[in-house]
Amino acid sequence: MSAKPIAMSINGRKVEAAVEPRLSLADYLREHLLLTGTHLGCEHGVCGACTIMIDGAPARSCIALAVACDGAEIRTIEGFDDDPAMAELRLAFGECHGLQCGYCTPAMLIVARDIVLRLPEADEARIRVELSGNLCRCTGYVGIVKAIRQVLDKRRG
Amino acid sequence: MKAARFDYERPANLDAALALLGNEGAFAKVLAGGQSLGPMLNLRLVRPDLLVDVRRIPELTQAATHDGALILGAATTHAAIEDGRVPDATRGMMAAVASGIAYRPVRNRGTIGGSLAHADPAADWPTCLAALGAEALIAGARGQRAVPMREFLASAFETSLRADEILEAVRVPVLSARARWGFYKVCRKTGEFAQGIAAVVDDPERAGARVAVGATGSAPIIIEDAGALLRRPFDAGAAARLLRERGLGGDEIDMQIHVAALKRAILRLH
């Protein structure tokens, strides 16, 4: 199968490449661009570890094809250095024990930021429902939920 | 797991997509949001020669109300329906159902047409759209045909779509102001595929009460003129007998789960 040309914006940088159609977006980011902050767990869309932003919305990069994302704007965990909401979440995850081994953390932060920005009125139950697509095997989620609540509470004043 | 090799095309319009599917020499699969097909490719449960990406085809991204029905393009995402970015014909039913599908990152990519064409019995749209009396609008080389859900959903992972056809849109009748709906699914974990689903739509100004029971292991069970089921108090024994008569298989626990889903959907009518 012949390689297909793609062009996309990744963390604000224009990238062009020729990729095999079966290459997942996650493998393209990790193996070709060495953006290894995106983690792979189950590779069939269940565990959430590979969640990144595609065209401004969280999505699974393990079941997205790089070729199908031609023209897309991609933002990975490496692309949030200057993001105010992400800065607040990074601090809160540290303070609230929102991580232990760190494997789920990049995707947890991306989903947490989506909750903070899309659902500013979310209560604990809603946070837990929204987090249900991201598995963490260390924390029992208590610290992660607490961190998101802390950011939401501060933002609500 | 990584997908086996396949080729990929992204045709610009519906005719070009249909032409690609019409090539009998190759096993082609239609790709929309890829939230079911993606995992199946990675697990190598399906090994197509060619993927035909229809996600951006204009006919498949339309959303407009015509002649008392909402025409919703097959590539409309669950999240667009959840957020109300498309017109609401169902007094909030479709938005509520959409919000319970899998997880937000999946809903941002997954499409209503992809879910229907995949026809997983445990998915939400087949049961919801059957209760709403929706039709599948199918495009083929010989033109478009409209197929009611009862015929479209043939069995588990089986629809009446032919290999050279594409599900273009769904047509959902606009509910009247007096219509009520209820929906309930039993899941072991938030966002998981359901063990039992029930959808009830009661529109006195249209078809009356229609019930659909899903996650059956086959196509949803559709009960027209279901007014008797809606009477209070709910008669669980009669509901179980009716579901058994209509072909619901499984053991007593499966029956209990489906009857409970039906009761809760009815209690949620509003």
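Bear in mind that the values here come from a model prediction, so they are computed numbers and not experimental data. (Residues numbered from 1 in each chain as written. Chains lettered and ligands numbered in written order. Predicted model: local features only at pLDDT ≥ 70, side-chain atom pairs only at ≥ 80, totals over all residues. Heavy atoms only, no water.)

A. Main features of the interface of chain B and chain A. Chain B puts 33 residues into the contact, and the matching count from chain A is 33 residues. Across the chain B-chain A interface, the total number found is six salt bridges. For Asp70 of chain A, the salt bridge identified is with Arg10 of chain B, shortest N-O distance 2.7 Å. Across the contact surface, chain B and chain A share 15 residue pairs in polar contact (both at pLDDT 80 or more). When residues of the side of chain B that touches chain A are traced back to their parent elements, those giving at least two are strand 1 (7–9), helix 2 (37–42), strand 3 (50–53) and helix 5 (104–107) of chain B. With four residues, helix 5 of chain B is the largest single contributor of residues to the side of chain B that touches chain A. For the side of chain B that touches chain A, the per-class residue count stands at 12 nonpolar, six polar and 15 charged. (Contact = heavy atoms within 4.5 Å. Salt bridge = Lys/Arg side-chain N within 4 Å of Asp/Glu carboxyl O. Polar contact = N/O pair within 3.5 Å; in protein donor to acceptor, adjacent residues only side chain to side chain. Helix = DSSP H or I, 4+ residues; strand = E, 2+ residues; numbered from the N terminus. Nonpolar A, V, L, I, M, F, W, Y, C, P; charged D, E, K, R; others polar.)

B. Spatial organisation of the domain arrangement of chain B. All names here are of chain B. Assigned domains of chain B: these are domain 1 (7–53), domain 2 (58–173) and domain 3 (181–267). Look at where the C-alpha atoms of domain 1 and domain 2 centre, and you get two points 18 Å apart. The interface of domain 1 with domain 2 comprises 12 residues on the first partner and 17 residues on the second. Across the domain 1 to domain 2 interface the summed buried area is about 1100 Å²; carbon plus sulfur atoms make up 74%. The three residues of domain 1 that bury the most area against domain 2 are Leu14, Leu18 and Gln35, which together make up 50% of that side's buried surface. There are zero residue pairs in polar contact (both at pLDDT 80 or more) connecting domain 1 and domain 2. Looking at which element gives the most residues to the side of domain 1 that touches domain 2, the answer is helix 1 (residues 14–21), with four residues. Here the side of domain 1 that touches domain 2 is built from residues that sort into eight nonpolar, four polar and no charged. (Domains from an automatic or database assignment. Buried area = accessible area lost by both parts, 1.4 Å probe.)

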